[in-house]
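Examination of the molecular architecture
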There are 2 protein chains.
Amino acid sequence: MDMKIEGLQDLFEVELKYAYDCEQKLVDKGLPEMIEAAQSPQLRTALQQHLRETHGQLSRLDQVFSATGIERDTKGNAILKEIMSAAKDSASHIDQSPLRDAALIANGNQVEHYEIALYGTLVAFANQLGLQNVVSLLEQSLKEEKEADAKLNQLAQTINVSATQQSRSARV
Amino acid sequence: MDMKIEGLQDLFEVELKYAYDCEQKLVDKGLPEMIEAAQSPQLRTALQQHLRETHGQLSRLDQVFSATGIERDTKGNAILKEIMSAAKDSASHIDQSPLRDAALIANGNQVEHYEIALYGTLVAFANQLGLQNVVSLLEQSLKEEKEADAKLNQLAQTINVSATQQSRSARV
């Protein structure tokens, strides 16, 4: 943390820049790499839909920067970097595809939960700071992240079955 | 990822060892450091209660290792390390205490959400693998992590108010 934190507004600013960095990295690399590694058409479709949503989330963050007068900037964060690197690890180390999809979903859940924590904090801080004009923007993105996580869990039900059948047949 | 992943059982094993590592690090350092840095008596009490729960979660994981015959071992994970280091950063860089508490809650939310993702995956995999004897143990810990996250959010409502009042009075 290099900036001086003297008020809740400063904390809000730091978290906002983390979120902006996070969404940018997901749009630029994180989600495209997961889409490429996914084999299940349903998982690819869900990730592609979430990529479109993530573009919308970036533009909401743009609006938050404008509305609050906070300088539009990213703040890199080792947490997201490590979560994305774990996803890359799954993609490159697991050959069989239903199993790789199962691992990608586990990685995807971690991305979503990291973002749920981020947006949850941003909503709470914005409420407390009286930034009513940005609360609903942040709440909308929080809702989308929760839905994306639930969608992954729903897909896992089918994909985990395929992953088990595959490993059984590999042992025959 | 150094082990060969050939079936869902292997993925379950990896995630289980991540969870064991995570709970151990939280018991040994993560939670005690947050408790020491927290100023609000309510936040300290909540973190102390969660430390006790975390001991219980470790012992549930011990039972999962025994029941599945998976070798009891930890698997270090850079994600948790970075989340814990962010919490340490908050504790050491923010002097004023209600504000530091607000930052610690944001860090705590990230820990809880990381664990919610981990246990969620473990429950789904255990269900699919037919490990009925361990599903309820993992579900119990998942429930506790969600409750710990909700408790932090509840405390944030009061602590964020104090953090704002403090930064206003600091400007007078």
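Residues numbered from 1 in each chain as written. Chains lettered and ligands numbered in written order. Predicted model: local features only at pLDDT ≥ 70, side-chain atom pairs only at ≥ 80, totals over all residues. Heavy atoms only, no water.

The helix and strand inventory of chain A stands at 5 helices and 0 strands. When the elements of chain A are put in sequence order from the N terminus, they spell out α-α-α-α-α. Overall, the C-alpha framework of chain A stretches about 65 × 30 × 20 Å when taken along its three principal axes. Within chain A, contacts between residues at least 6 apart in sequence are counted, and of these 77% link residues at least 24 apart. A total of about 7300 Å² of accessible surface is found on chain A, and carbon and sulfur atoms cover 47% of it. Taking the 17 positively charged and 25 negatively charged side chains of chain A as two groups, their mean positions are separated by 5 Å. (Helix = DSSP H or I, 4+ residues; strand = E, 2+ residues; numbered from the N terminus. Contact = heavy atoms within 4.5 Å. Areas by Shrake-Rupley, 256 points an atom, 1.4 Å probe, with all protein chains shown as cover. Lys, Arg positive; Asp, Glu negative; His and termini not counted. Charge placed at Lys NZ, Arg CZ, Asp CG, Glu CD.)

Bringing the nonpolar core into the picture now. Counting residues in each nonpolar core, the largest one holds 114 residues, and the members touching the most others are L11, F12 and L138 of chain A together with L11, F12 and L138 of chain B. In this view, F12 of chain A contacts V64, T68, I70, L122, F125, A126, L129, L131, V134 and L138 of chain A; residues no more than four positions away in its chain are not counted. (Core = buried A, V, L, I, M, F, W, Y, C linked by side-chain atoms within 4.5 Å. Buried < 20%, exposed > 50% of the residue type's maximum accessible area, 1.4 Å probe, protein only.)

For the rest of this paragraph, the subject is the side chain of E144 of chain A. Looking at where E144 of chain A falls in the secondary structure, it is placed in helix α5 (residues 132–171). Those residues within four positions of E144 of chain A in sequence are excluded, and the remaining contacts are H50, E53, Q57 and R60 of chain A.

Our next topic: the confidence of the model for chain A. Residues and elements named next belong to chain A. This prediction gives chain A a mean pLDDT of 93; 95% of its residues lie at or above 70. Looking across chain A, the model is least confident in helix α3 (residues 78–93), with a mean pLDDT of 88, and most confident in helix α2 (residues 41–68), with 98. ipTM for the predicted complex: 0.94, alongside a pTM of 0.95. (pLDDT = per-residue confidence, 0-100.)

The subject of this paragraph is the interface of chain B and chain A. Taken together, the contacts link 37 residues of chain B with 37 residues of chain A. For the pairing of chain B and chain A, the buried interface totals around 3200 Å² over both sides, and the portion due to carbon and sulfur atoms is 64%. Joining chain B to chain A, the criterion identifies 0 salt bridges. Along the contact surface separating chain B from chain A lie 3 residue pairs in polar contact (both at pLDDT 80 or more). If you list the elements that add at least two residues to the side of chain B that touches chain A, you get α1 (8–37), α3 (78–93), α4 (97–128) and α5 (132–171) of chain B. Top contributing element to the side of chain B that touches chain A by residue count: α4 of chain B, with 15 residues. (Buried area = accessible area lost by both parts, 1.4 Å probe. Salt bridge = Lys/Arg side-chain N within 4 Å of Asp/Glu carboxyl O. Polar contact = N/O pair within 3.5 Å; in protein donor to acceptor, adjacent residues only side chain to side chain.)

It is worth spelling out the relation of the copies chain B and chain A at this point. Taken as rigid bodies, chain B and chain A are interconverted by a rotation of 180° and an axial shift of 0.0 Å, the fit giving an RMSD of 0.0 Å. The superposition operator between the copies reduces to a two-fold rotation axis. In this assembly, 100% of the residues forming the interface of chain B have copies in chain A that are likewise at the interface, indicating an isologous arrangement. (Least-squares fit on C-alpha atoms with pLDDT ≥ 70 in both.)

Further remarks concern the pattern of salt bridges. All names here are of chain A. The tally for this structure, following the rule as stated, stands at 14 salt bridges over all chains. Close ionic contact of E147 with K143 constitutes a salt bridge, the shortest N to O distance being 3.3 Å. Of this pair, E147 and K143 are both found in helix α5, 4 residues apart, which corresponds to roughly one turn of the helix. Judged by its relative accessible area of 40%, E147 is partly exposed.

Turning to the environment of K151 of chain B, a few remarks are in order. Tracing the backbone through its elements, the reader meets K151 of chain B in helix α5. For the pair K151 of chain B and G69 of chain B, spaced 82 residues apart in sequence, the C-alpha to C-alpha distance is 35 Å.

Another aspect to go through is the packing of helix α1 (residues 8–37) of chain A against α3 of chain A. Residue and element names in this part refer to chain A. Their axes nearest at 10 Å, the elements α1 and α3 cross at an angle of 10°. As judged from the angle between their axes, α1 and α3 are roughly parallel. Contact residues: C22, K25, L26, K29, G30, E33, M34 and A37 in α1; L80, M84, A87, K88 and A91 in α3. Among the residues making up the contact of α1 with α3, the classes are represented as 8 nonpolar, 1 polar and 4 charged. (Axes fitted to C-alpha atoms, helices over the stretch in contact; angles between N-to-C directions. Parallel < 35°, antiparallel > 145°, perpendicular 65-115°, else oblique. Nonpolar A, V, L, I, M, F, W, Y, C, P; charged D, E, K, R; others polar.)

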